[in-house]
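Reading the structure
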Amino acid sequence: MADKLRLGVLVSGSGTNLQSIINACEAGKIDAEVAVVISNRAEAFGLERARKHGIPALHIPVGRNETPEYEIADREQTRALRDHGVGLVCMAGYLRKAGPSVLETFAGAVMNIHPALLPAFPGVKVQWAAVEYGVRISGCTVHFADPEFDRGPIIIQAAVPVLQEDDGEALAKRILQCEHRIYPQAIQWFVAGRLSLDGRHVFVDDARAGSWRDGALFSPALELDL
Ligand code: GRF
């Protein structure tokens, strides 16, 4: 039996996306295993989730961008990911940029999830910004990371209705449900070797057009039953 692809997951907060990835791996829906979880914040609950599943959980402080501490952390993250035999890096609720060392070492194998339909609403607190703006549809995006925030080639998106009575919290909760579906799906396509890149266009072999699931539109269509 070939060794499973080993995932390195970067978190900054509660780690519910990490949990959905762990659950999908443990249920055999993703032919991979989470080999290490790294957080820039010692108190990130995502580290606790890793420990509960016997997964190495590392706190690597990250200084301010473009500072010596930031560069040291970038190299430390790279070393930790390589030491754990990682083949795909998943930024999941990770609120910092992937550094040049990580991006170079894992070129083409760093993903990120963003709780909006990029390129709309880049940045943070984007669910609140979407409600504030008055959009009728928002959603979430999994994309390959590049040196800038929220700009890499898009793998899968889910479109989520914004209800008239929504506040940021209600929308964030609804989008999060879809995040927990599109991230495992994107990872499984990567593991299955079904993703290819042409410039900024991601091609998913044999992917079907969009599919509806619980009031959201997934494009390409979800295949995993999550
Ligand atoms: C998610 O909406 C994620 O997209 C954003 O932070 C929220 C919490 O993520 N970056 P998690 O529960 O820590 O995975």
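So, a few notes on the structure that sits alongside this text. Only a predicted model underlies this, so the values are computations on that prediction, with no experimental measurement involved.

This part is about the site of the ligand. Every residue close to the ligand is listed here: Gly 13, Ser 14, Gly 15, Thr 16, Asn 17, Gly 93, Pro 115, Gln 127, Leu 176 and Glu 179. For the ligand, an oxygen atom lies 2.5 Å from a polar atom in the side chain of Thr 16. At 2.6 Å from an oxygen atom of the ligand is found a side-chain nitrogen or oxygen belonging to Glu 179. Look at the ligand: alone it shows 360 Å² of surface, and the protein chains cover 82% of it. Judged by the fraction of its atoms near the pocket grid, the ligand is located in the largest pocket. Counting only elements with at least two residues in the shell around the ligand, the list comes to α1 (16–26) and α6 (168–191). Its residues assigned to classes, the shell around the ligand shows 2 nonpolar, 7 polar and 1 charged. Each of domain 1 (1–107) and domain 2 (113–226) accounts for three or more of the residues forming the shell around the ligand.

This brings us to the environment of Pro 147. By the secondary structure assignment, Pro 147 is in the loop between β6 (137–144) and β7 (154–161). Sequence-wise, Pro 147 and Glu 104 are 43 residues apart; in three dimensions their C-alpha atoms are separated by 9.9 Å. Apart from the residues within four sequence positions on either side, Pro 147 is in contact with Lys 97 and Leu 103.

Further remarks concern the pairing of strand β11 (residues 216–219). Residues of β11 alternate between two faces, with Ala 216 and Phe 218 buried on one and Leu 217 and Ser 219 left unburied on the opposite face. Note: β7 against β11, 3 bridges, orientation antiparallel. In the strand pairing of β11, Gln 157 is matched with Ser 219. Across 3 bridges, the pairing between strand β10 (residues 211–213) and β11 is antiparallel. Each residue of the ladder has a partner; that of Trp 212, found in β11, is Leu 217. Between the end of β10 and the start of β11, which pair antiparallel, lie 2 residues, with Asp 214 showing a positive phi angle near 50 degrees.

Cut-offs used in this document
Residues numbered from 1 in each chain as written. Predicted model: local features only at pLDDT ≥ 70, side-chain atom pairs only at ≥ 80, totals over all residues. Heavy atoms only, no water. Near = heavy atom within 4 Å. Polar contact = N/O pair within 3.5 Å; in protein donor to acceptor, adjacent residues only side chain to side chain. Areas by Shrake-Rupley, 256 points an atom, 1.4 Å probe, with all protein chains shown as cover. 1 Å grid on protein atoms, 1.4 Å probe; cavity = no way out; pocket = protein on both sides within 12 Å on 5 of 7 lines; lining within 4 Å. Sits in = over half its atoms within 2 Å of the grid points. Helix = DSSP H or I, 4+ residues; strand = E, 2+ residues; numbered from the N terminus. Nonpolar A, V, L, I, M, F, W, Y, C, P; charged D, E, K, R; others polar. Domains from an automatic or database assignment. Contact = heavy atoms within 4.5 Å. Buried < 20%, exposed > 50% of the residue type's maximum accessible area, 1.4 Å probe, protein only. Pairing = 2+ DSSP bridges.

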